[in-house]
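What the coordinates show
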Amino acid sequence: MPSNTPVTHPTTPATTRRGALLLAVVAVGTLVLGACNSADESTNYSAINGLRASVGLPALARSGELDAKARKQAEKMAKRGTIFHSSNLAAGVSPGWTLIGENVASAGTVEAAEAALEASAPHYQNLTNPAFTEVGVGVYTRNGRVYVVQVFVAR
């Protein structure tokens, strides 16, 4: 008859150290291959609002749902090793928006990616569009390459 008593496996300091070492190796391997970077996302968000302020526009509010959408797209691009726009930009964005836009870039640093976006007329137009009120930022680094996605909405 089965018992409801949990089965425990003996552990020793050696098995605990091996487990911790394995976990550390997996964590470092994940960081080397690819990872979201919230510090770079904050840097990029500040750059967006810095640019807007320099041309007399109000700051964009940061949106958690747009961040999630941007992060997902940045990770997809990083895994493919190329940039591309979302296939359905409105998917996952709550109702009530009147305008939506997306910028995508890849470079060696988040600052270089932002500089490339600002140097491109259609991307600059999204960055400085006075109608936009919210932004989400996703930054994913993989194999030394930074993938940046910015999703803008007007509400």
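Let us look at the structure shown here. (Residues numbered from 1 in each chain as written. Predicted model: local features only at pLDDT ≥ 70, side-chain atom pairs only at ≥ 80, totals over all residues. Heavy atoms only, no water.)

**Observations regarding helix H2 (residues 38-54)**
With 17 residues, H2 should cover 24 Å at 1.5 Å per step; its first-to-last C-alpha distance of 24 Å lies within 8% of that length. Listed in full, the buried residues belonging to H2 are Asp40, Glu41, Asn44, Tyr45, Ile48, Asn49, Leu51 and Arg52. Where H2 begins, the side chain of Asn37 points an oxygen toward the backbone nitrogen of Ala39, at a separation of 3.1 Å. Residue Gly56 follows H2 closely and has a positive phi angle near 80°. (Helix = DSSP H or I, 4+ residues; strand = E, 2+ residues; numbered from the N terminus. Expected span 1.5 Å × (residues − 1). Buried < 20%, exposed > 50% of the residue type's maximum accessible area, 1.4 Å probe, protein only. Polar contact = N/O pair within 3.5 Å; in protein donor to acceptor, adjacent residues only side chain to side chain.)

**A few points about the pattern of salt bridges**
Counted by the stated rule, this structure contains 6 salt bridges. For Arg155, the salt bridge is made with Glu65, and the minimal N-O distance between the two is 2.8 Å. Note that Arg155 is positioned in the segment after strand E5 (145-154) and Glu65 in helix H3 (residues 64-80), a separation of 90 residues in sequence. Accessibility expressed as a relative area gives 35% for Arg155, which makes it partly exposed. When its relative accessible area of 29% is taken as the criterion, Glu65 is described as partly exposed. Arg155 is the salt-bridge partner of Glu134, the closest N and O atoms lying 3.0 Å from each other. Taken together, the positions of Glu134 in strand E4 (residues 134-142) and Arg155 in the segment after E5 put the pair 21 residues apart, joining distant regions of the chain. On the basis of relative accessible area, Glu134 is assigned to the buried category, the value being 17%. (Salt bridge = Lys/Arg side-chain N within 4 Å of Asp/Glu carboxyl O.)

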